[in-house]
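Examination of the molecular architecture
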Amino acid sequence: MARAKNILFIMFDQLRWDYLSCYGHPHLHTPNIDALAEKGLRFTRAYIQSPICGSSRMSTYTGRYASSHGATNNGIPLKVGEETMGDHLRRAGMGCYLVGKTHMRADVEGMKRLGLAPDTIIGARVSECGFDVFERDDGMLPEGPDGSYDPDGAKEYNKWLKAKGYESDNPWHDFANSALDEDGNVLSGWFLKHSPMAANIDEEDSETPYLTGRGIDFMQEAEGPWCCHLSYIKPHWPYIVPEPYASMYGPEHVLPVNRSDAERQNAHPVMKGFMDTKVGQAFSRDEVRDAVIPAYMGLIKQADDQMGRLFRWMEETGRMADTMIVLTSDHGDFLGDHWMGEKTFFQDASTRVPLIIYDPSDEADVTRGTVCDALVEAIDLAPTFVDVAGAEVPDHVLEGESLLPILHGQARETARQYVVCEYDYSGAPVAALMNADIDDAQLFMVADKCWKLVHAEGGHRPILFDLANDPDELVDLGDSAEHEDVIDAMYARLFEWARRPAQRTTVSRETLMAMRTKGRGRGIVIGVYDEDETPRELTVKYRGRKVKPWREIKGA
């Protein structure tokens, strides 16, 4: 019987759910990803748990909500003690490796406190989200007057480029993410006006083909059951791509923007703050969208071609027969929709992601090539992987649920009634723009298949979207008296979610059930007036006992 022995966990960065042809994009054809969907199961309601790279990834890697693991934004370390999928899988006999990006910051102070040296096996795993690192490449090496955002960004990639003759102190920027004019001047990909130009690099040397090659290198060397997190950097900005992809799309392929004047004029104060950011203002301009989106599409087309290269290699080597393939994204990209850029709010352009799972096992034949609209969260992947590894899912730690029952046709829905997404923007520039207090810079989304509610701390009214009648999420009903019952019901769900015992991770549910009665035979007798009111066998140590009076012992 065919079964999944290994897991290839592919994640793209900032890939919108609707920018693949299998999800309905009319111009961007992605036949290789589409073919994977035909071999597997495509989910249409998969949601992330935080609309920012680091926090979203930490939720996926831990199987826990952002407020549970605490790494609530980029730059906030995942605290020592948080278990990740690597910890769970290794206990089940499956290795867990990284090729690419995590956007994780190590809890250096926590490691020092516990005496965990980063050059030990356990210290290295704690420093790297529980992964054993084949190659980490967070992809970005931006530099400014105050230094580099990430001095270790593109570290091995830059060495590789330099060895190939790309002469620069930062070839990641000067070649892979910039164009060149006729006089040899570097035209930085950071400036959106350069997005329509071709990156000054041989296509096969650019970031996506490079990471594909490294993923293949890992699989060629790997032994035993493994999970490989092949984590791509693109189509995340800088939005620039080499030929032939730079010329594939133009403004004529840019879809009409999803926004309205009324949406802007009547914007909730917090949503208006995000619209008013620099990136929001930029993507409100048609010239910016016409420059950026064709490059964004080119990056996705290149990614799809690399999936073709990867999947062909897996077919030729037999890896496709014993490896589950999971393909998803850490969040989307507004691209001007709702007068916003980037990803840090809660409309589907940001929080809904593609999710395709190919399971080679015979049990998955019943769902092969089908589509599922169950409410799924990114935190479901960790328990799914534990399930594939053949271990019991520790549901007192992992807050998601295994998707294997759906993949194997045993269920059509998850057990949840709603999905949740969170964003802590207390350290982001938008908080300064809004003059928001640290404790007030907190956002929560709760959604089902019909409604989406966004709660903003700071005394603000809620935001409400009617997903059934307004799927484009253009009309905010948060101040509608006619929808008070809906708002109350969604708040009840958010309150229910907030009451979960998320921090009780050291004791399983089974242990708690056993604790209810196991103390009875250990001598604790509370509330018993007469010895005959309790089973005799439980108080046998307290019956028929004789000792001398203390006065006799003392000779008094």
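Summary of the structure given here. (Residues numbered from 1 in each chain as written. Predicted model: local features only at pLDDT ≥ 70, side-chain atom pairs only at ≥ 80, totals over all residues. Heavy atoms only, no water.)

1. Some remarks on the pattern of salt bridges
- With the rule as written, the count across this model stands at 39 salt bridges.
- Where glutamate 128 meets arginine 136, a salt bridge forms, and the shortest distance between an N and an O atom there is 2.8 Å.
- You can call glutamate 128 buried: its relative accessible area is 18%.
- A residue is classified by how much of its surface remains accessible, and arginine 136, at 22% relative accessible area, is partly exposed.
- One salt bridge connects aspartate 476 with arginine 461, and the closest N-O pair in it is separated by 2.8 Å. (Salt bridge = Lys/Arg side-chain N within 4 Å of Asp/Glu carboxyl O. Buried < 20%, exposed > 50% of the residue type's maximum accessible area, 1.4 Å probe, protein only.)

2. A look at a nonpolar patch on the surface
- A contiguous nonpolar surface patch, about 250 Å² in accessible area, is contributed by Val525, Val528 and Tyr542.
- Inspection of the secondary structure assignment puts valine 525 in the loop between α19 (509–518) and α20 (550–554).
- According to the relative accessible area criterion, valine 525 is partly exposed, its value standing at 38%. (Patch = residues over 30% accessible without salt bridge, like charges linked within 9 Å, V, L, I, M, F, W, Y side chains within 5 Å. Areas by Shrake-Rupley, 256 points an atom, 1.4 Å probe, with all protein chains shown as cover. Helix = DSSP H or I, 4+ residues; strand = E, 2+ residues; numbered from the N terminus.)

3. Some thoughts on a negative patch on the surface
- Taken together, the side chains of Asp437, Asp439, Asp440 and Glu457 define an acidic patch exposed on the protein surface.
- Along the chain, aspartate 440 falls in the loop between α17 (429–434) and β15 (442–447). (Lys, Arg positive; Asp, Glu negative; His and termini not counted. Charge placed at Lys NZ, Arg CZ, Asp CG, Glu CD.)

4. A closer look at the nonpolar core
- Judged by nonpolar contacts, the single largest core of 70 residues is most densely connected at Phe9, Phe345 and Tyr425.
- No other element matches the 5 residues that helix α15 (residues 381–388) contributes to this core.
- Every residue in contact with phenylalanine 9, bar those within four places of it in the chain, is listed here: Thr60, Tyr61, Met85, Cys227, Cys228, His229, Leu230, Val326, Thr328, Leu381 and Phe385. (Core = buried A, V, L, I, M, F, W, Y, C linked by side-chain atoms within 4.5 Å. Contact = heavy atoms within 4.5 Å.)

5. A word on α15
- Extensive coverage of α15 is indicated by the burial of 7 of its 8 residues.
- Listing the buried residues of α15 in full gives Leu381, Ala382, Pro383, Thr384, Phe385, Val386 and Val388.

6. What to know about the pairing of strand β2 (residues 41–47)
- In terms of residue burial, β2 counts as a mostly covered element, since 7 of its 7 residues are buried.
- Two strands pair when backbone bridges link them, and β2 and strand β11 (residues 352–358) are joined in this way by 5 bridges, in the antiparallel orientation. Each bridged residue has a counterpart across the sheet, and for alanine 46 the counterpart in β11 is valine 353.
- Where β2 and strand β12 (residues 370–372) come together, 3 bridges link them in parallel fashion. Bridge pairing links phenylalanine 43 to cysteine 372 in β12.
- Pairing of β2 with strand β13 (residues 376–377), which is carried by 2 bridges, proceeds in the parallel orientation. (Pairing = 2+ DSSP bridges.)

7. Some points on unusual backbone geometry
- In this chain, lysine 234 is followed by proline 235 through a cis amide linkage whose omega measures 10 degrees.
- The residue proline 235 is located in strand β9 (residues 226–235) in this model.
- Omega for the peptide link from tryptophan 237 to proline 238 comes to 0 degrees, which places this bond in the cis form.
- Following the sequence through the fold, proline 238 ends up in the loop between β9 and α10 (261–265).
- For leucine 335, which is not glycine, the phi torsion reads 55 degrees and is therefore positive.
- Along the chain, leucine 335 turns up in the loop between β10 (323–329) and α14 (348–351).
- Overall, the relative accessible area of 1% leaves leucine 335 in the buried class.
- Despite not being glycine, tryptophan 339 shows a phi value in the positive range, around 65 degrees.
- Relative to the helices and strands, tryptophan 339 resides in the loop between β10 and α14.

8. Some words on the environment of aspartate 333
- Its place among the elements puts aspartate 333 in the loop between β10 and α14.
- Apart from the residues within four sequence positions on either side, aspartate 333 is in contact with Gln14, Arg16, Tyr239, Tyr296, Glu342, Ala349 and Ser350.
- A polar contact is formed between the side chain of aspartate 333 and the side chain of tyrosine 239, at a distance of 2.6 Å. (Polar contact = N/O pair within 3.5 Å; in protein donor to acceptor, adjacent residues only side chain to side chain.)

9. Concerning the packing of helix α1 (residues 31–39) against helix α13 (residues 286–317)
- Between α1 and α13, the shortest axis-to-axis distance is 7 Å and the interhelical angle comes to 50 degrees. By the angle class used here, α1 and α13 are oblique. In contact with Pro31, Asn32, Ile33, Leu36 and Lys39 of α1, α13 contributes Lys301, Asp304, Asp305, Met307, Gly308, Phe311, Arg312 and Glu315.
- Partitioned by chemical class, the residues of the contact of α1 with α13 number 5 nonpolar, 2 polar and 6 charged. (Axes fitted to C-alpha atoms, helices over the stretch in contact; angles between N-to-C directions. Parallel < 35°, antiparallel > 145°, perpendicular 65-115°, else oblique. Nonpolar A, V, L, I, M, F, W, Y, C, P; charged D, E, K, R; others polar.)

10. Some remarks on the environment of glutamine 410
- Locating glutamine 410 in the fold gives a position in the loop between α16 (404–407) and β14 (419–424).
- The class for glutamine 410 is exposed, based on a relative accessible area of 63%.
- Residues glutamine 410 and alanine 364 lie 46 residues apart in sequence; the distance between their C-alpha atoms is 9.9 Å.

11. Description of the sheet that holds β15
- The sheet built from 4 strands is open, its strands ordered β14-β15-β16-β17 with antiparallel pairing. The sheet is open, and its two borders are formed by β14 and β17 (463–466), each paired with just one other strand. The mean inter-strand angle of the sheet, taken between neighbouring strand axes irrespective of direction, is 10 degrees.
- Where strand β16 (residues 451–456) and β17 come together, 4 bridges link them in antiparallel fashion. When the sheet's bridge partners are listed, lysine 452 is paired in β17 with phenylalanine 465.
- In the packing of helix α18 (residues 484–498) onto the sheet, the strands contacted are β14, β15, β16 and β17, and the crossing angle to β16 comes to about 65 degrees.

12. Brief notes about the side chain of histidine 396
- Structurally, histidine 396 can be placed in the loop between α15 and α16.
- There is a polar contact of 3.5 Å between the side chain of histidine 396 and the backbone oxygen of threonine 505.

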